[in-house]
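# Summary of structural features
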Amino acid sequence: MQRILFVCLGNICRSPAAEAVFASRSRAAGLALATDSAGTIGWHVGEPPYGPMIAAAARRGYDLSALRARQVTLADLAAFDLVFAMDRSNLADLAALRPAAGTAELRLYLGQGEVPDPWYTRDFDAALDLIEEGADRLVARLGTT
Ligand code: 4NP
């Protein structure tokens, strides 16, 4: 089973949303995948996702309330097959963390694009639009491999 990790900065806005959206879309597509999310910083470890993101996701039918933030570890970069960063800064942090022998493939979630951080933009719906678009793309790609 492929293991997929979604990573952002705090693990309380974008990556937990990506985890939930992708889990929902991949289940609907009949794909059996293991998914998780983590943050590059440890400031919010143990916390649920940020309230405004929980609310925006709930309006679209995704329940983020049971998720808890954790920080990405070196072990993650061996345990997961694919690691998706929400923006280039997250990707650079992951690349710096990855040991030479790290096996995970590190990629930007949106290919060439980024999911702007709603912690700063305050636009949780814009982030969710991009996250849903990325999940659909990813499901389509994984469904054909
Ligand atoms: P996230 O958003 O990376 O999408 O979870 C952030 C959450 C918290 C902080 C920054 C970004 N923070 O600085 O605490």
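Our subject is the structure listed above.
How each quantity is defined
Sequence order sets the numbering: in each chain, residues are counted from 1 along the sequence as written. Per-residue local features of the predicted model are confined to residues with pLDDT of at least 70, and side-chain atom pairs are confined, for both listing and counting, to 80 or more; whole-chain, interface and lining totals are unaffected and use all residues. As a rule here, side-chain values come from all non-hydrogen atoms in the structure, and water together with hydrogens is ignored. Every helix listed is a DSSP run of H or I at least four residues long, and every strand listed is a run of E at least two residues long, numbered separately from the N terminus. Whenever a nitrogen or oxygen atom comes within 3.5 Å of another N or O atom, the pair is scored as a polar contact, on the condition that within protein one atom can donate a hydrogen and the other can accept it, and that pairs from neighbouring residues in sequence are kept only if both atoms are in side chains. Contacts: residue pairs with any heavy atoms within 4.5 Å of one another. Note on aromatic contacts: the rings of Phe and Tyr and the six-membered ring of Trp form a pair at centre separations within 6.5 Å, being stacked when their planes are under 30 degrees apart, edge-to-face when over 60 apart, and tilted otherwise. Under the scheme applied here, a residue whose accessible area is under 20% of the maximum for its type counts as buried, over 50% as exposed, and between as partly exposed, the area being computed with a 1.4 Å probe on protein chains only. Strands are treated as partners if at least two bridges between them are detected by DSSP. Axes, fitted as lines to C-alpha atoms, cover a helix only where it is in contact. Angles between the N-to-C directions of the axes lie from 0 to 180 degrees. Being near a molecule or strand, for a residue, means having at least one of its heavy atoms within 4 Å of it. Here, Shrake-Rupley sampling with a 1.4 Å probe gives the accessible areas, and only protein chains in the shown set may cover a residue. Residues are grouped as follows: nonpolar covers Ala, Val, Leu, Ile, Met, Phe, Trp, Tyr, Cys and Pro; charged covers Asp, Glu, Lys and Arg; every other residue, Gly included, is treated as polar.

## A short note on the side chain of S37
Secondary-structure assignment places S37 in strand β2 (residues 34–39). Within the structure, S37 has its side chain in polar contact with the side chain of N11 (distance 2.9 Å). Setting aside residues up to four positions removed in sequence, S37 forms contacts with L5, F6, N11, S15, P16, E19 and R70.

## Some words on the packing of aromatic side chains
Under the criterion given, the structure shown has six aromatic pairs. Consider the rings of F84 and Y109, whose centres lie 6.3 Å apart with planes at 80°: the pair is edge-to-face. Taken together, the residues span a long stretch of sequence, with F84 in strand β3 (residues 82–85) and Y109 in the loop between β4 (105–108) and α5 (118–121) at a distance of 25 residues. Residue F84 shares its accessibility class with Y109, and that shared class is buried. Three or more aromatic residues joined by ring pairs make a cluster, and in this case those are F6, F22, F84 and Y109.

## With respect to the sheet that holds β2
Sheet architecture is open: four strands sit in the order β2-β1-β3-β4, paired in parallel fashion. Single-partner strands in this sheet number two, and they are β2 and β4. Shown here is a sheet whose adjacent strand axes are inclined to one another by a mean of 25°, direction ignored. Where strand β1 (residues 3–8) and β2 come together, six bridges link them in parallel fashion. Bridged to L5 within β2 is D36. Those strands touched by helix α1 (residues 14–28) are β1 and β2, and its axis lies near 150° from that of β1. Relative to β3, helix α6 (residues 124–142) is tilted by about 160°, and along the sheet it contacts β1, β3 and β4.

## Focus: the site of the ligand
With respect to spatial proximity, the complete set of residues near the ligand consists of C8, L9, G10, N11, I12, C13, R14, W43, H44, D117, W119 and Y120. One of the backbone N or O atoms of I12 is found 3.0 Å from an oxygen atom in the ligand. In this structure, R14 approaches the ligand through a side-chain N or O atom, which is 2.8 Å from an oxygen atom. Here the ligand loses 97% of its free accessible area of 360 Å² to cover by the protein chains. Residue composition of the shell around the ligand, grouped by class: seven nonpolar, three polar and two charged.

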